[in-house]
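Reading the structure
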Amino acid sequence: MRVLMITWEFPPYIAGGLGMACYGLVKALASIGVEVDLILPTVEEVYFKIRRPEDADILPIEFIGERKGYFTVQTRENLIERLRVIGVLERPETYIPHSLNIDELVEVIFSQEILTEKRLVEAIKRYLGGEESLFKRASELALRAMRMSKLIEFDLVHVHDWLTYPAGLAVKSSRKKKLVAHIHATEFDRAGGPGDDRIHKIEYIGLEYADRVIAVSNYTARMIIDRYRIDPSKIRVVHNAYSVSPYAGGEKRRLFKDPLVLFLGRVTLQKGPDYFLEVAGRVISRYPNVRFVMAGSGDMFSRMLRSAAARRLKDRLLFSGFLNRDEVERILKATDIFVMPSVSEPFGIVPLEAMAFGAVTIISKQSGVSEVVKNAFKVDFWDIDKTVDIIVDLLSHPEKRREIAEAGRHEVLEIGWNEAALKLNEVYRELV
Amino acid sequence: MIHVVFYFQVHQPLRLRHFSVLDVGSNRGIFDENLNRAVIRKVGDKCYLPANRLMKELIERYEGRFKIAYSITGVVIEQFKNYYPEVLESFKDLVRTGCVELLGETYYHSLAFGHDNEEFVEQVRMHRKLMYDEFGYTPLVFRNTELIYQDRLADIVSDEGFKVILAEGTEKILDWRSPLYAYTTYNRKLLMLLKYYTLSDDIAFRFSDRSWPGFPLTADKFADWIGNLGLVEKGTRNLFVNLFMDYETFGEHQWKETGIFDFMRHLPEKIFSKGNIAFAWPSDALDIVNYQPESISFPYPVSWADTERDLSAWLDNDLQYNAIETLYDLLREIKQKGRHDLLDCARKLSTSDHFYYMCTKYFQDGDVHKYFSPYQSPEHAYMFYMNALADLSEQLG
């Protein structure tokens, strides 16, 4: 089985959960013998040949055409150097501000009768060729994938989220291969309501014309059934997992003498940072010997900072800005209570990591991850009172906190990407 | 007679590192030593050393008739010692001429007045001791951080033995009165000199502004303007043209290429050629005033900053208020617990510049703030500052 996989981000260059999920899946697929040819939004026309699990870290690069075999030595050590040669963005954008405005883009890019190749190319150029770099780059990726797919042998094509859906559709139609569309997050999640109409259309078309749709949770499956009317019979739920960091075991490494309550994620509407702030304010007034940290950056960062200051939370609520992977692990290692108050979270990998690092987690019921863990508190994102009560109770009872954290840690150590890979492989086999 | 009173502010804050939450408890130090050293070296070469050379030259040329005053903060002197001892030596050299007056202020260039008046007095005394230790000088004249002044300050400052205080000559307070006369504070305990802000800012801000009608500003022109001010006085009362500005005006805010040094070099001779203008120190006013000064009340705080001339550059938004309240709580706690090892660090966080970087006012003042700030935004300045405070409070336990 060989899969042509197209995604927008992949470690070491990631912006969020999508990259982490793709990495976990690809690695686990390789370990059960599924070969993956991976296409990323690179400057050079290349793909990554994943044949063994370790290739997910080495990322062996294959050029298309004349420069085939350009890299003779490919190791993990020279990865960054090689990525620089082929041109990979350090921080790929995964969403766009909704204030941007382009006229009637994507007036159904791929209209009902799919589509002669020539018309397809025209449609992509015409509708995705806007001024905004993100749409432009999504369309470039689609044209490139279509070109490259003619020179690679594979059994089916698997794409991740809307930025790669045009590419998936282009490959499906030009190579007559089955298409698997993975949905990690919908525009409804990102926008916290109706979002950019063009993105909705791309999501709808991608899901509608895919042969199978993989949803990261039942929550997301329901979302695309309700909102996009996608046929439930072709949706399969494959829950995300996480990769255990070798750093996760052992004792906590504290930053503060008082317990640390953490928010970690993009500081944007979807993630509910404003609920976290409200919770922090109320907890601090009842139990002052605590530190809250809001880690991450995003469009609401400045507002959150000002709001924390306006409440005079002193230095009891601190901010970190964007954290890289190493810093994320360091702060998780110092965390006692992890809160994920997302308004809408298709999955949410970070709570699993936080649990592995020995933190008690409080997660939004409006999330996929709440379907897979037992030893976590599950609260409606808007139920501030309940969240506050739980935190105050945990702060007042350290022994209870430790017990729950320990149970949680054991629970998530059982979770891995292999199960997800096996389920995916079943889906592939149904199609080929 | 008209008396030109020059006072120059010499100050550089200790800028913070980009201090992350993850740095709390790391003992890495909260100040950006490399940046602070670089600034002191740069400003030392562009401003302090050449400007001091020029002042020395003028003092020697006019044999005591050219007089100036400086207010030099404790935090800048510490940095001179660490990063550029020659600069401190050159100030000492100037003071030894006997033609320089040194003013009193807070050691840390802080906003302690109004937040913690005991702390304020301690910082004023630290500064007085420093002036004595470094220069053998005991100031008689006081100027508060950023020329911030209001009535309550006069009570504290007169109790500390000062005789004269400087403040901003804003119309908000002066109304129909002229800043050219000496006044007394509301309690009549201190003589008061008020900054003549238009002429001060002509040098400090507008000197190189080509869109300003006064451009180019020559020593001749400026001496004429000062001379014309004498027309307001029909009798024989002595007038004071108080020109207060950052010393960095020379060579740093106004680059050498603008001709600012040449302007200053020629100004005394043009002034003296008028016949009825002389230079004076602020403390000279005690002897020169030949009339009963009117007392003047500043019921609310006034500063020399921005167009508002109030406290809004440092204390306007929630970031600034939360930061400063947290700082003074921490300072009090440090003193209560007798943790003298942490006191100096916390006091260095009381320097007004830290709050200036958090200013979010827009329009033209925003640009000035941005020019001075080592951080990409007020929010970042706040974030690093609060993390540094948290680090201190963790050390306090």
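Counting from 1, residues in each chain are numbered in the order their sequence is written. Whichever chain is written first becomes A and whichever ligand is written first becomes 1, with later ones labelled in order. Per-residue local features are limited, in this predicted model, to residues with pLDDT of at least 70; the limit for side-chain atom pairs, both in listing and counting, is 80 or more; totals at the level of whole chains, interfaces and linings are taken over all residues. Excluding hydrogens and water, the side-chain values take into account all heavy atoms of the structure.

Here we look at the overall build of chain A
The cut-off we apply is this: Helix and strand assignments follow DSSP, with helices taken as H or I runs no shorter than four residues and strands as E runs no shorter than two, numbered in order from the N terminus. Burial status follows relative accessibility: with a 1.4 Å probe on protein chains alone, a residue under 20% of its type maximum counts as buried, one over 50% as exposed, and anything between as partly exposed. In what follows, residue pairs with any heavy atoms lying within 4.5 Å of each other are defined as contacts.
Counting secondary structure elements, chain A contains 16 helices and 14 strands. When each of the 432 residues of chain A is scored for burial, the buried share is 61%. Nonlocal contacts in chain A, meaning residues at least 24 apart in sequence, comprise 67% of its contacts between residues at least 6 apart.

A look at the overall build of chain B
Going by this rule: Counted charges follow a simple rule, with Lys and Arg positive, Asp and Glu negative, and His plus the chain ends left uncounted. The atoms used to mark charge sites are NZ of Lys, CZ of Arg, CG of Asp and CD of Glu.
The number of helices and strands found in chain B is 15 helices and 10 strands. Among the 397 residues that make up chain B, the fraction classed as buried is 64%. The long-range share in chain B, meaning contacts at least 24 apart out of those at least 6 apart in sequence, stands at 78%. On chain B, the mean spot of the 44 positive side-chain charges and the mean spot of the 58 negative ones are 4 Å from each other.

Remarks on the domain arrangement of chain B
Residues and elements named next belong to chain B. Going by this rule: How far each domain reaches was decided by an automatic or database domain assignment. Here the quantity called buried area is the total loss of accessible area, with a 1.4 Å probe, experienced by two parts when brought into contact, counted for both. One speaks of a salt bridge when a side-chain nitrogen belonging to Lys or Arg is within 4 Å of a carboxyl oxygen belonging to Asp or Glu.
Domain annotation of chain B identifies domain 1 (2–295) and domain 2 (318–396). For domain 1 and domain 2, the distance between their C-alpha centres works out to 24 Å. Opposite the 34 residues of domain 1 that make contact, domain 2 presents 27 residues. Here domain 1 and domain 2 share an interface that buries about 2,600 Å² over both sides, 58% of which is from carbon and sulfur atoms. Note that Glu 78 and Lys 348 form a salt bridge whose closest N and O atoms lie 2.8 Å from each other. Those elements that provide at least two residues to the side of domain 1 that touches domain 2 are helix H2 (74–83) and helix H4 (117–135). In terms of residue count, H4 provides more of the side of domain 1 that touches domain 2 than any other element does, 4 residues in total.

Details of the packing of aromatic side chains
Residues and elements named next belong to chain B. Put simply, the test is: Working definition: a ring pair exists when centres of Phe, Tyr or Trp rings (six-membered ring for Trp) sit within 6.5 Å. Plane angles under 30 degrees give stacked, over 60 give edge-to-face, the rest tilted.
Scanning the model with the defined rule gives 43 aromatic pairs over all chains in all. Plain terms: the ring middles of Phe 8 and Phe 250 are 5.5 Å apart, the flat faces sit at 90 degrees to each other, and that makes the pair edge-to-face. Of this pair, Phe 8 sits in strand E1 (residues 2–10) while Phe 250 sits in the loop between strand E8 (239–246) and helix H9 (260–273), and the two are 242 residues apart along the sequence. Each member of the pair, Phe 8 as well as Phe 250, is classed as buried. Measuring from centroid to centroid gives 4.9 Å for Tyr 70 and Tyr 247, while their planes differ by 80 degrees, and the two rings are edge-to-face. Here Tyr 70 is found in strand E2 (residues 68–72), whereas its partner Tyr 247 is found in the loop between E8 and H9, with 177 residues between them in sequence. Cluster of aromatic residues (ring-pair linked, three or more members): Phe 6, Phe 8, Tyr 48, Tyr 62, Phe 66, Tyr 70, Phe 80, Phe 91, Tyr 247, Phe 250, Phe 272 and Phe 279.

Observations regarding the pattern of salt bridges
Residue and element names in this part refer to chain A. What the rule picks out here adds up to 79 salt bridges over all chains. Close ionic contact of Arg 291 with Asp 315 constitutes a salt bridge, the shortest N to O distance being 3.5 Å. Residue Arg 291 is found in strand E10 (residues 291–295), and its partner Asp 315 is found in the loop between helix H11 (301–310) and strand E11 (317–321); the two are separated by 24 residues along the sequence. For the pair Arg 291 and Asp 315, one class covers both residues: buried. Residues Asp 380 and Lys 365 are paired through a salt bridge, measuring 3.9 Å at the closest nitrogen-oxygen approach. Separated by 15 residues along the polypeptide, Asp 380 in the loop between strand E14 (377–379) and helix H14 (384–396) and Lys 365 in the loop between strand E13 (360–364) and E14 bring together distant segments of the chain. Given a relative accessible area of 43%, Lys 365 falls into the partly exposed group. Taken together, the salt bridges that share partners define one network made up of Arg 2, Glu 35, Asp 37 and Arg 51.

So, the interface of chain A and chain B
The following threshold applies: Each polar contact in these results corresponds to two N or O atoms within 3.5 Å; when the atoms are within protein, one needs to be able to donate a hydrogen and the other to accept it, and residues that are neighboring in sequence are counted only if both atoms are side-chain atoms. Polarity classes work like this: nonpolar for Ala, Val, Leu, Ile, Met, Phe, Trp, Tyr, Cys and Pro, charged for Asp, Glu, Lys and Arg, and polar for all others, with Gly in that last group.
Chain A puts 23 residues into the contact, and the matching count from chain B is 22 residues. Area buried by chain A at its contact with chain B is led by Leu 255, Arg 312 and Lys 314 of chain A, which between them contribute 27% of it. For Glu 394 of chain B, the salt bridge is made with Arg 291 of chain A, and the minimal N-O distance between the two is 3.0 Å. Our count for the contact surface shared by chain A and chain B stands at 10 residue pairs in polar contact (both at pLDDT 80 or more). When residues of the side of chain A that touches chain B are traced back to their parent elements, those giving at least two are E10, H11, E11 and helix H12 (325–333) of chain A. Looking at the side of chain A that touches chain B, the element that brings in the most residues is H11 of chain A, giving 6 residues. Its residues assigned to classes, the side of chain A that touches chain B shows 12 nonpolar, 3 polar and 8 charged.

A few points about the nonpolar core
All names here are of chain B. Where we set the bar: The term nonpolar core refers to a set of buried residues drawn from Ala, Val, Leu, Ile, Met, Phe, Trp, Tyr and Cys, joined through side-chain atoms within 4.5 Å.
Grouped together as the largest cluster of nonpolar side chains are 303 residues, with contacts concentrated most on Phe 6, Tyr 70 and Tyr 247. Composition of this core by domain shows at least three residues from each of domain 1 (2–295) and domain 2 (318–396). When sequence neighbours within four positions are dropped, the list of residues in contact with Phe 6 reads Ile 68, Ala 69, Ile 203, Leu 243, Met 245, Met 264, Leu 267, Phe 279 and Ala 280.

Quick notes on the pairing of E13 of chain A
All names here are of chain A. For clarity, the threshold we go by: Each pair of strands is called paired provided DSSP finds at least two bridges between the two strands. Classification remark: right-handed applies to a crossover when, strands pointing away from the viewer, the course from the first strand over the helix to the second runs clockwise.
The element E13 is largely enclosed, with a buried count of 5 among its 5 residues. Along E13, one buried face is formed by Val 360, Ile 362 and Ser 364 and the opposite face, lined by Thr 361 and Ile 363, is buried too. The pairing of strand E12 (residues 337–340) with E13 spans 4 bridges and is parallel. Of the residues in E13, the one forming a bridge with Phe 338 is Thr 361. With helix H13 (residues 350–356) bridging E12 and its parallel neighbour E13, the resulting β-α-β unit is right-handed. Here 3 bridges tie E13 to E14, and the two strands are oriented parallel to one another. Within E14, the residue paired with Ser 364 across the bridge is Val 379.

Some points on the packing of helix H12 (residues 340–348) of chain B against helix H15 (residues 378–396) of chain B
Residue and element names in this part refer to chain B. Quick reminder of the rule: Helix axes are fitted only over the stretch in contact, all axes being lines through C-alpha atoms; the angle between N-to-C directions runs from 0 to 180 degrees. To sort the angles, those under 35 degrees are grouped as roughly parallel, those over 145 as roughly antiparallel, those from 65 to 115 as roughly perpendicular, and the leftovers as oblique.
Across the interface, H12 lies against H15 with an axial gap of 11 Å and an inter-helix angle of 170 degrees. When the axis of H12 is compared with that of H15, the two are roughly antiparallel. The residues of H15 that touch H12, namely those facing Leu 342, Cys 345 and Ala 346, are Leu 392, Gln 395 and Leu 396. Residue composition of the contact of H12 with H15, by class: 5 nonpolar, 1 polar and no charged.

Here's the deal with empty space enclosed by the protein
All names here are of chain A. Cut-off, in case you're wondering: The pocket and cavity definitions rest on a 1 Å grid over protein atoms only: a 1.4 Å probe that fits but cannot leave marks a cavity, an open set with protein on both sides within 12 Å along at least five of seven lines marks a pocket, and residues lining either have an atom within 4 Å of a point. Grid points are joined across faces, edges and corners, and a volume is the space filled by probe spheres set on the points.
Under the criterion given, the structure shown has 2 cavities of 30 Å³ or more. In this structure, the second largest cavity occupies an estimated 70 Å³ of space. Lining the second largest cavity are 13 residues, and of these Val 339, Pro 341, Asp 380, Phe 381 and Thr 387 lie nearest its centre. Those elements that place two or more of their residues in the lining of the second largest cavity are E12, E13 and H14.

So, the packing of helix H1 (residues 33–61) of chain B against helix H3 (residues 85–96) of chain B
Residue and element names in this part refer to chain B. So the rule is basically this: For a crossing to be left-handed, the near helix must be turned anticlockwise from the far one by less than a right angle; the clockwise case is right-handed.
Between H1 and H3, the least distance of the axes is 10 Å, while the angle of their chain directions is 20 degrees. When the axis of H1 is compared with that of H3, the two are roughly parallel. Seen along the crossing, H1 lies across H3 with a hand that is left-handed. Each of Gly 44, Tyr 48, Leu 49, Asn 52, Met 55, Lys 56 and Ile 59 in H1 lies in contact with H3, whose residues at this interface are Glu 86, Val 87, Ser 90, Phe 91, Asp 93 and Leu 94.

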